[in-house]
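Structure at a glance
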Amino acid sequence: MKKLKDIALPEFEQNGPSFVTASRLSAEDKEFVFIRQARVRIIMGVCIFALVLFLLISRLAEISMFRTPRVFTPMPSNVAKYRADIVDRNGELLATNLDTYSLYADPKEVWDAVASTEALTAAFPDLDAAIVEGLLNEDKQFVWIKRNLTPRERQAAFALGLPELGFRIEPRRVYPRGRLAAHILGHTDRDLIGIAGAEKAFDAELRQVETQVKYLSLDMRAQFILEDELRAGMEKYKADAASGIVLNVKNGEILALASMPDYDANQPGAEMPDNLLNRASMQPYELGSTFKPVTMALAYETGVVAKGEKLPVQNKLVVRKKSIRDDHPSPVALGIWDVLAKSSNKGSAIIALRAGREKQEDLLGRLGLLSRVPFELHESAAPILPQEWQNLTTATIAYGHGINVTPLALSVATATLLNGGYYIEPTILKRPEGGLYPKRRAVSPEISRTIVDMMRYVVTDGTGGNADISGYEVMGKTGTAEKFIDGAYVTNRLVTSFSAAFPHRDPNYLVFIVYDEPKAAADTYGFAGAGWNAARTAGAVVERIAPILGVSRTTKLAEVEAKSASIGGGR
């Protein structure tokens, strides 16, 4: 190989023998380095992305396949809840819906909970400041402040100008007649769920859009009269409570039912809890001598009293060392009609003891007095029955002691004795004319007709004279029972009742009145028995509702003829 010379710059060559050697050229591929580094970064990015994607997919799979999904509760919407109207038998409105505004707050938007609380409680004094402040501090986006505002209340809330407040349209259940028929209608909660009375009994049906209107058997005219007379009677006789029923004995329709004290169905929470109790169907009482028509039916059914026989009620009667006494003692023996008319406890006890426990219990069962009344309302109490049914029990039940039943239960049993002998399940629903309804034979038609005549005799010649309304041929039976308190009967604490039915020629309607602890009034001469209060109220109700129900007055001559016919029929 040819040897190459060193190359030197010319100017350096002229200055001496020394030469400076030039540096050797070295070329390095920097582009290749950059590409290699980029590839490493791309691979790392792809790996990280793949890892993140894998984690996301795994997390989604876990949530969708292995975890129970959370329930999301949305903010209440403005969609109105449906609930059908309730009307009486004639189409009179009893319950309906009214759209109202409800006030809510979003705690997330609250700037100063204390200041907002002060503003709200100033506008709505009935709000509790501690509760409101607690709501405004909750970790939520929606809390109710006050629901179903009046127009004036809504304007007051709007005027506060608080950014966290808002309104929602909500339907409110309203009862245009206030207290009228409150215990039958019942009421709903704020969410329009029925919690008492017909509102509860028909809750599911009323919430269906297909149900346009619900007809009840009530007649608001009769309902108003019943409540008006009971309220006046409570005030006059200073009673602690009262109840009343108007019943169609031929088809079981309840035309009116009242319990006092009552309440305003629009504001049930503002009433005393005791006012919400439906005493007509939920309060069992010892109802005293209004039980005696049942005992008379027992006598005729078992044949234990011979025709024309006089029962020795003037003699002392002791059962298991307990003396049975009469409130109106008779110095002579009485026939069975006068046992009922004079309300003899001894005569009734004698009949029951002759018939025996088994036959008495059987008849009570057929009349529905040993079980709760089978009607639509949940408010129906079972009877309080004796734990041991001894001879003394048989004797006392004959005149309405020793067994506690509701006024409605005894009303239905008495209706059975008056309508030809059929036990017809009562109802608060309007029944179609000529339609079929549950009924069963309980006593014979002949016994039924006899009880009809006997109860008319009680009013014309017995203790029920204060219920005798001229022209309507009222039948009836008084009942005065001492209350059993702390193991003993208290003579001055009474439950008085009267069972009235009319007209005698063709019984259609029954009126049952009960007073809890009535007192003597100025015109009762110191007496507080049923003949002086419950009978009077029943008569007043009959006189006012009879024309409404289409019952015409009879002439005096017709009444005399009817009385003569009944007396000649079997005394």
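A short tour of the structure in this document, coming up.

What counts as what
- Residues numbered from 1 in each chain as written.
- Predicted model: local features only at pLDDT ≥ 70, side-chain atom pairs only at ≥ 80, totals over all residues.
- Heavy atoms only, no water.
- Salt bridge = Lys/Arg side-chain N within 4 Å of Asp/Glu carboxyl O.
- Helix = DSSP H or I, 4+ residues; strand = E, 2+ residues; numbered from the N terminus.
- Buried < 20%, exposed > 50% of the residue type's maximum accessible area, 1.4 Å probe, protein only.
- Pairing = 2+ DSSP bridges.
- Axes fitted to C-alpha atoms, helices over the stretch in contact; angles between N-to-C directions.
- Contact = heavy atoms within 4.5 Å.
- Arc of directions from axis to C-beta.
- Polar contact = N/O pair within 3.5 Å; in protein donor to acceptor, adjacent residues only side chain to side chain.

1. A closer look at the pattern of salt bridges
Here the structure, examined in full by the defined rule, presents 35 salt bridges. Notably, a salt bridge pairs Glu-199 with Arg-173, separated by 2.8 Å at the nearest N-O pair. On the criterion of sequence distance, the pair formed by Glu-199 in helix α7 (residues 197-201) and Arg-173 in strand β4 (residues 165-174) is long-range, its members being 26 residues apart. Like Glu-199, the residue Arg-173 is buried in the burial classification. Arg-231 is the salt-bridge partner of Glu-227, the closest N and O atoms lying 3.7 Å from each other.

2. Details of the sheet that holds strand β17 (residues 488-502)
One open sheet holds the five strands; their spatial order is β9-β8-β18-β17-β16, and the pairing between them is antiparallel. Pairing within the sheet leaves two strands with one partner each, and these edge strands are β9 (254-260) and β16 (475-485). Pairwise comparison of adjacent strand axes, ignoring direction, gives a mean angle of 10° for this sheet. Pairing analysis gives six bridges linking strand β8 (residues 241-248) to β9, with the strands arranged antiparallel. Of the residues in β9, the one forming a bridge with Leu-247 is Ile-254. Together, β16 and β17 form the strand contacts of helix α17 (residues 445-461), whose direction differs from that of β16 by roughly 75°.

3. A look at unusual backbone geometry
Between Met-260 and Pro-261 the backbone carries a cis peptide bond, its omega angle lying at 0°. Among the secondary structure elements, Pro-261 is positioned in the loop between β9 and α10 (279-282). In this structure, the amide linkage connecting Phe-502 to the following residue, Pro-503, adopts the cis form with an omega of -15°. With respect to the element layout, Pro-503 can be found in the loop between β17 and β18 (509-516). For Ala-181, which is not a glycine, the phi torsion comes out positive at approximately 60°. Here Ala-181 shows up in the loop between β4 and α6 (182-185). Of note, Leu-192 is a non-glycine position whose phi angle comes to about 65°, a positive value. Note that Leu-192 resides in the loop between β5 (187-188) and β6 (194-196).

4. Here's the deal with helix α3 (residues 113-123)
Taken as a whole, α3 has its buried residues at Ala-113, Ser-116, Thr-117, Leu-120 and Thr-121. Buried positions in α3, seen along its axis, are confined to an arc of 125° and lie on one side of it. Within α3, the exposed residues directed more than 90 degrees away from the buried face are Glu-118 and Ala-122. Tucked into the core, α3 has its buried residues touching β2 (93-105), α4 (129-136), β3 (143-149) and β4. Regarding α3, its N-cap is Asp-112, as a side-chain oxygen of that residue lies 3.1 Å from the backbone nitrogen of Val-114 further along.

5. Examining the environment of Ala-241
Mapped onto the elements of the fold, Ala-241 is located in strand β8. Taking the relative accessible area as the measure of exposure, Ala-241 reaches 3% and is therefore buried. Excluding anything up to four places from it in sequence, Ala-241 contacts Met-234, Met-260, Pro-261, Arg-279, Val-514, Tyr-515 and Asp-516.

Just distances and angles here, no functional claims.
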